[in-house]
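Observations on chain architecture
The chain contents come next:
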Amino acid sequence: MPMNDEYMTYDFRKHRYILTEKAVFEEVGINLNDITGGNVTDKNLFLKRVSSDVYSYLLEGSRSPDYIEYILAVDTDLRATVQDMLVAQAEYTLLNGAISMFAGINLAKGTAVDIYKLRDERKVAEQVQSEANKILPQYGFCLKYAGTLPTISPSVKHKGY
């Protein structure tokens, strides 16, 4: 079952882990209070955006997003991987901005940029891409696997996670 600790909490409504401020401070070395002026709403929005970017990347193109979401939530052996990806994405976002939100206009040149190429290639940190494409030995596939995986029964889906 999903669990909370001082570095990650589980959002039962969105069905994903979210980093804590402490994790960002200890792992990235940046105090979110310095960036947000202590605004709790802004800090929470930043942490949720980081989580959303990682989970969106992992689930896009998946034929079995419910199963990937399920194992990320309940497999305690994957917690470290999830945390590493979220930390890498937090650092990436702090250094580069929220690329997933870019409009696709190069203001300096007054030209349009291929927004799909921009977002897809640079939406997540390289470490997120690397971790997502590693084969999980206990499953025999990676988190970005695009094939068909076991189905989560509707009677079990989102029950306790």
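Residues numbered from 1 in each chain as written. Predicted model: local features only at pLDDT ≥ 70, side-chain atom pairs only at ≥ 80, totals over all residues. Heavy atoms only, no water.

With that out of the way, let us pick up the overall build of the protein. Helices and strands together make up the secondary structure of the protein, namely seven helices and four strands. Along the chain direction, N to C, the helices and strands of the protein fall in the order β-β-α-α-α-α-α-β-β-α-α. Buried positions account for 43% of the 161 residues belonging to the protein. When contacts within the protein are restricted to residue pairs at least 6 apart in sequence, long-range pairs at least 24 apart make up 63% of them. (Helix = DSSP H or I, 4+ residues; strand = E, 2+ residues; numbered from the N terminus. Buried < 20%, exposed > 50% of the residue type's maximum accessible area, 1.4 Å probe, protein only. Contact = heavy atoms within 4.5 Å.)

Examined against the element boundaries, serine 62 turns out to sit in the loop between helix H3 (40-59) and helix H4 (65-74). A relative accessible area of 15% means that serine 62 is categorised as buried. Apart from the residues within four sequence positions on either side, serine 62 is in contact with Ile68 and Tyr145.

To continue, consider the packing of aromatic side chains. Scanning all chains against the criterion turns up seven aromatic pairs. Here tyrosine 67 and phenylalanine 141 contribute two aromatic rings whose centre-to-centre distance is 6.2 Å and whose plane-to-plane angle is 55°, an arrangement assigned as tilted. Of this pair, tyrosine 67 sits in helix H4 while phenylalanine 141 sits in the segment after helix H7 (126-132), and the two are 74 residues apart along the sequence. For the pair formed by tyrosine 67 and phenylalanine 141, the shared burial category is buried. A centroid spacing of 5.2 Å and a plane angle of 75° characterise the contact between tyrosine 70 and tyrosine 161, whose relative ring orientation is edge-to-face. Here the residue tyrosine 70 occupies a position in helix H4, and tyrosine 161 occupies one in the segment after H7, the gap between them amounting to 91 residues. (Phe/Tyr/Trp six-rings, centres within 6.5 Å; stacked < 30°, edge-to-face > 60°.)

Note: α-helices contain 3.6 residues per turn, so residues at a spacing of three or four share the same orientation. With 18 residues, helix H5 (residues 79-96) should cover 26 Å at 1.5 Å per step; its first-to-last C-alpha distance of 25 Å lies within 8% of that length. Those residues of H5 that fall on the buried side of the exposure criterion are Arg79, Thr81, Val82, Gln83, Met85, Leu86, Val87, Ala88, Gln89, Ala90, Tyr92 and Thr93. (Expected span 1.5 Å × (residues − 1).)

With that out of the way, let us pick up the pairing of strand E2 (residues 16-19). Alternating positions in E2 separate into two faces, Arg16 and Ile18 on one and Tyr17 and Leu19 on the other, with burial throughout. Pairing of strand E1 (residues 8-11) with E2, which is carried by four bridges, proceeds in the antiparallel orientation. Looking at the pairing, aspartate 11 lines up with arginine 16 of E2. Taken together, E1 and the strand that follows it, E2, pair antiparallel across an intervening segment of four residues, in which histidine 15 is found at a positive phi of about 60°. (Pairing = 2+ DSSP bridges.)

What follows covers the nonpolar core. Here is a general trend for soluble globular proteins: nonpolar side chains tend to be buried in one another's company. Within the largest apolar cluster, 41 residues are counted, with the highest numbers of intra-cluster contacts made by Leu19, Leu58, Leu72, Leu86, Val128 and Leu143. Valine 128 has contacts with Val54, Tyr57, Met85, Ala88 and Gln89, leaving out every residue within four places of it along the chain. (Core = buried A, V, L, I, M, F, W, Y, C linked by side-chain atoms within 4.5 Å.)

With that out of the way, let us pick up the packing of helix H1 (residues 21-28) against H5. Viewed as axis vectors pointing N to C, H1 and H5 meet at an angle of 80°, and their least axial separation amounts to 10 Å. When the interaxial angle is binned, H1 and H5 end up roughly perpendicular. Contacts between H1 and H5 involve Val24, Glu27 and Val28 on the former and, on the latter, Val87, Ala90, Glu91 and Leu94. Of the residues belonging to the contact of H1 with H5, the class tally is five nonpolar, no polar and two charged. (Axes fitted to C-alpha atoms, helices over the stretch in contact; angles between N-to-C directions. Parallel < 35°, antiparallel > 145°, perpendicular 65-115°, else oblique. Nonpolar A, V, L, I, M, F, W, Y, C, P; charged D, E, K, R; others polar.)

Geometric descriptors of this kind do not, in isolation, establish any biological role.
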